[in-house]
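For reference, the chains in residue letters:
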Amino acid sequence: MDKKIDIERLIAPEIIEQAKREIAEGRLISLKSDVGFKLFMAGKTPESKYCLKKFLTAVTRREVIDAQVTNSEIYPDFLSAKEARLDVNCVFNDRNHANLEMQVVRREYDQVRRSLFYASKLMASTLRSGESYNEIGEVHQVFIFDFTVIRDEDFYHRFIFRDEDGRPLSENMQIHFIELRKLKAGDDLENLSDMEFWSIIFREFDRKDTRERFAGLKRYAEEVRMTNANSMNISQDYIDYSIAISREKFIRDNESDVIEATRKGFAQATARLQPLI
């Protein structure tokens, strides 16, 4: 409770009022928010654990029976820095590891090199001192982007190590890119793949019309029920809701600052070059 009191002191009163108002209106936290995504995936409720296992099953292409999140808290990250990386680390099916991260704004850094860095870091962290390399399980570095990274039409890419002739070396380290904006979901919701289903959930389940479209699904009836319960659960606490709003505002404001700085820099460079043209 003390952590929430500390958090509340850091949040602007108008944001807290906005959160309380949206909760009263029955609105849900967006799962594209890194705060909302972490609350949804890393919660201690049966609904959250169910959704995590089902999504990991879609990612790994095998049934995930047990999954434990190792960094479920959001408050220390929020207290230390608004730019903290709110990812979800988890161990599943004994020795396998996954790191899940939601990104809504494109950054200046190279996403491919960043993904290799975090995947390598994740694999290195799985082996304890004195253990054999044979003990290393699978690691899955999963990035969910609300923007385009790869210039093609596929919304989902799974990367493994292969030689130059395409023969696989190992699938122990896998990197997954999910680009939500490239997903084209038609009316035939019953025939969605598992990855398509969860991608739509992350992209737009906070929208009432999407929830209404999913309400009658037969194939994913239990997934929809648990997702709805999980989303409702994480959207009832006004402090958590306020953190989600604050983070989104910070990220959007920072994006605007970068765009404006770039525009000004380009204008200044053009002005200096103009006499030389």
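Predicted model only: the values in this text are computed from it and were never measured. (Residues numbered from 1 in each chain as written. Predicted model: local features only at pLDDT ≥ 70, side-chain atom pairs only at ≥ 80, totals over all residues. Heavy atoms only, no water.)

(A) Summary view of unusual backbone geometry. For Asn-93, which is not glycine, the phi torsion reads 45° and is therefore positive. Of note, Asn-93 is situated in the loop between strand S2 (88-92) and strand S3 (96-103). Within the chain, Asp-94 stands out as a residue other than glycine whose phi angle is a positive 80°. By the element assignment, Asp-94 lies in the loop between S2 and S3. (Helix = DSSP H or I, 4+ residues; strand = E, 2+ residues; numbered from the N terminus.)

(B) Focus on the pattern of salt bridges. Enumeration according to the criterion identifies 21 salt bridges in this entry. A salt bridge links Glu-25 to Arg-27; the nearest nitrogen and oxygen atoms lie 4.0 Å apart. Relative accessible area serves as the criterion here: at 52%, Glu-25 is assigned to the exposed category. Residue Arg-27 is classed as partly exposed on the basis of its relative accessible area, which comes to 46%. Beyond isolated ion pairs, a larger network of salt bridges with shared partners links Arg-95, Arg-128, Glu-131 and Glu-135. (Salt bridge = Lys/Arg side-chain N within 4 Å of Asp/Glu carboxyl O. Buried < 20%, exposed > 50% of the residue type's maximum accessible area, 1.4 Å probe, protein only.)

(C) The sheet that holds strand S5 (residues 156-162), seen in detail. Taken together, the six strands give an open sheet; going across it, the order is S1-S2-S3-S4-S6-S5, and neighbouring strands pair in mixed fashion. A strand with exactly one partner marks an edge of an open sheet, and here the two such strands are strand S1 (67-69) and S5. If you compare each strand with its neighbour and ignore which way they point, the axes differ by 20° on average. The sheet contact formed by S3 and strand S4 (residues 139-145) spans seven bridges and is parallel. In the strand pairing of S4, Asn-99 is matched with Gln-141. Strands in contact with helix H6 (residues 111-125) are S2, S3, S4 and strand S6 (168-179); relative to S4, the strand with the most contacts, it is inclined by about 145°. (Pairing = 2+ DSSP bridges. Axes fitted to C-alpha atoms, helices over the stretch in contact; angles between N-to-C directions. Contact = heavy atoms within 4.5 Å.)

(D) Region of interest: helix H3 (residues 34-42). Within H3, nine of the nine residues are buried, leaving the element largely enclosed by the surrounding structure. When H3 is considered as a whole, its buried residues turn out to be Asp-34, Val-35, Gly-36, Phe-37, Lys-38, Leu-39, Phe-40, Met-41 and Ala-42.

(E) The packing of aromatic side chains, seen in detail. Evaluated as defined, the whole model comprises 14 aromatic pairs. When the centroid spacing of 5.1 Å and the interplanar angle of 90° are considered together, the rings of Phe-145 and Phe-177 count as edge-to-face. Of the two residues, Phe-145 sits in strand S4 while Phe-177 sits in strand S6, which places them 32 residues apart along the sequence. Like Phe-145, the residue Phe-177 is buried in the burial classification. A centroid spacing of 4.2 Å and a plane angle of 10° characterise the contact between Phe-197 and Tyr-220, whose relative ring orientation is stacked. In this pair, Phe-197 sits in helix H7 (residues 194-204) while Tyr-220 sits in the loop between helix H8 (208-214) and helix H9 (221-234), placing the two residues 23 residues apart along the sequence. When its relative accessible area of 2% is taken as the criterion, Tyr-220 is described as buried. Ring pairing ties together the aromatic residues Phe-37, Phe-40, Phe-55, Phe-197, Trp-198, Phe-202, Phe-214 and Tyr-220, which thus form one cluster. The cationic tip of Lys-20 hangs over the ring face of Tyr-238; the distance from NZ or CZ to the ring centre is 4.6 Å. (Phe/Tyr/Trp six-rings, centres within 6.5 Å; stacked < 30°, edge-to-face > 60°. Lys NZ or Arg CZ within 6 Å of the ring centre and 35° of its normal.)

(F) Looking closely at the confidence of the model for the protein chain. The predicted model of the protein chain has a mean per-residue pLDDT of 87, with 86% of residues at 70 or higher. Of all secondary-structure elements in the protein chain, the lowest mean pLDDT belongs to helix H5 (residues 75-80), at 56, while helix H4 (residues 46-60) reaches the highest, 98. Counting interchain partners and residues more than four positions distant, the pLDDT-below-50 stretch residues 256-262 has one contact. (pLDDT = per-residue confidence, 0-100.)

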